[in-house]
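# Examining the three-dimensional arrangement
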Amino acid sequence: MLRRYRILCLILLCTLALSVSVSARTLSVRADRWLEFRSTTGAVEVTQGGQTRTAQVGSRISGVGDTVRTADRSSARLAVDTQIGFVLVAENSAVRISRLRSTRRGGRVTELTVDRGQARLQVRSFTNPESELNIRTPAGVNGVRGTEFGVAIQPNGRTGLATLEGEVAAIAAGETVAISAGLQTMVVPGEPPDPPMPLRDDPFLDVVALGWEFEDTSTGQAADLQRIVIFQGQTDPVNLLIVNGETQPTDRTGRFDLSLPVEDSRQLQVTVITPLGTEQAYELAIP
């Protein structure tokens, strides 16, 4: 009888330990994190676990590496789990989840990487001191605890950052620069953030030259002349310049000098987008 009693107790203890272990795992699973699509315009794709599909309103992404991509003239708006904030993704952009977790004390840590294009974030003030939201770009990391700001990433990784409300800590090359409300800055990969300057949020475009030219593409055996478009001008250096659906780089002053192949068209479709998402479309006739 004593032996049976001991065996029974051992079984009960093992069952209790298993129950506690399962409960602990359940608690960690229940504290899930996610981004949910609230609206989409145009062609918006989601990549999860190596599979790519069209984004649907109400669907969620939650895994590290999950990526949202927008095509030309397309956009998406995502909510960060319990209304902690919203992410607005502009056209020709890519945003992916780098980190998404909850702390033991209820804090929420969110890190998103904007690989290209433009994204604007609206984040409420955090009440939990362990909560964080970081935006990583090819040029550095931007940390916030409650604000409204935007980033614009050029093909060369140069990043424009603008703060509308609150404050953003721009971190790059071992230096941290506070970008308060009403300020903007430029961050070049491998360099500290530029000193902040007054926020302009102006998608202007100054055209210096626009016209046809013939480029020699001969191989040595046959002469071949290709007609190209010369397009020179300037915009704010923090802005994105999109020409015929392709994002083009500018220099540190916002100037550009482009040679573009254009087939059967006498117009350029140009869009300028600020880090806060203000955009202006231009339809330029090629003389």
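Owing to the predicted nature of the structure, the values given are computational and were not obtained by experimental measurement.

Counting secondary structure elements, the chain contains one helix and 24 strands. Within the chain, buried positions represent 44% of all 287 residues. Intrachain contacts of the chain at a sequence separation of at least 6 include 50% that bridge at least 24 residues. Of the roughly 14,900 Å² that the chain leaves accessible, carbon and sulfur atoms contribute 52%.

Turning our eyes to something else, we now look at the sheet that holds strand 23 (residues 267–273). The four strands lie next to each other as 21-20-23-24, forming an open sheet whose pairing is antiparallel. Since the sheet does not close on itself, it has two edges, and those belong to strand 21 (246–248) and strand 24 (279–285), each with one partner. Within this sheet the neighbouring strands show an average axis-to-axis angle of 30 degrees, counted without direction. Both strand 23 and strand 24 contribute to a ladder of seven bridges, which runs antiparallel. By the bridge assignment for strand 24, V272 is matched with Q280.

Looking now at the pairing of strand 13 (residues 159–165). With five of seven residues buried, strand 13 is to be regarded as a mostly interior element. Inspection of the sheet shows strand 12 (residues 147–153) paired to strand 13 by six bridges, in the antiparallel sense. Residue pairing for strand 13: E148 is matched across the bridge by E165. Linking strand 12 to strand 13, which pair antiparallel, is a turn of five residues; within it G157 sits at a positive phi near 90 degrees. Here five bridges tie strand 13 to strand 16 (residues 183–187), and the two strands are oriented antiparallel to one another. Across the sheet, L161 pairs through a bridge with T185, a residue of strand 16.

A few words now on the pattern of salt bridges. Two side chains of opposite charge can pair, provided their charged atoms sit close to one another. In total, this model carries 11 salt bridges according to the counting rule given. Here R136 and E111 are joined by a salt bridge, their closest N and O atoms 3.3 Å apart. Placement of the pair is R136 in strand 10 (residues 132–137) and E111 in strand 9 (residues 108–123), with a sequence separation of 25 residues. R136 sits in the partly exposed class, given a relative accessible area of 35%. For R200, the salt bridge is made with D236, and the minimal N-O distance between the two is 2.5 Å. One end of the pair, R200, is in the loop between strand 17 (197–198) and strand 18 (206–216); the other, D236, is in the loop between strand 19 (225–234) and strand 20 (240–243), and 36 residues separate them in sequence. You can call R200 partly exposed: its relative accessible area is 42%.

In this structure, F37, I61, L78, I135 and F149 are the most contacted members of the largest nonpolar core, which totals 33 residues. For this core, the leading source of residues is strand 9, giving five residues. Discounting residues that sit within four places of it in the chain, F37 has contacts with V44, V46, A55, Q56, V57, G58, S59, I61, V68, A76, R77 and L78. Among the nonpolar cores identified, the runner-up in size contains 15 residues, and V229, V262, L268 and I286 belong to it.

Attention now goes to unusual backbone geometry. With phi around 60 degrees, R73 is a residue other than glycine that occupies positive phi space. Structurally, R73 is set in the loop between strand 5 (67–70) and strand 6 (75–80). Positioned with a positive phi, D201 is a non-glycine residue whose angle comes to about 50 degrees. Structurally, D201 can be placed in the loop between strand 17 and strand 18. A residue is classified by how much of its surface remains accessible, and D201, at 28% relative accessible area, is partly exposed.

Examined against the element boundaries, F37 turns out to sit in strand 1 (residues 35–41). The exposure class assigned to F37 is buried, which follows from its relative accessible area of 1%.

It is worth spelling out the confidence of the model for the chain at this point. Averaged over every residue, the pLDDT of the chain is 86; the share at 70 or more is 84%. Per-residue pLDDT, averaged within each element of the chain, yields its smallest value for helix 1 (residues 2–30) (42) and its largest for strand 17 (98).

Calculation notes
Residues numbered from 1 in each chain as written. Predicted model: local features only at pLDDT ≥ 70, side-chain atom pairs only at ≥ 80, totals over all residues. Heavy atoms only, no water. Helix = DSSP H or I, 4+ residues; strand = E, 2+ residues; numbered from the N terminus. Buried < 20%, exposed > 50% of the residue type's maximum accessible area, 1.4 Å probe, protein only. Contact = heavy atoms within 4.5 Å. Areas by Shrake-Rupley, 256 points an atom, 1.4 Å probe, with all protein chains shown as cover. Pairing = 2+ DSSP bridges. Axes fitted to C-alpha atoms, helices over the stretch in contact; angles between N-to-C directions. Salt bridge = Lys/Arg side-chain N within 4 Å of Asp/Glu carboxyl O. Core = buried A, V, L, I, M, F, W, Y, C linked by side-chain atoms within 4.5 Å. pLDDT = per-residue confidence, 0-100.

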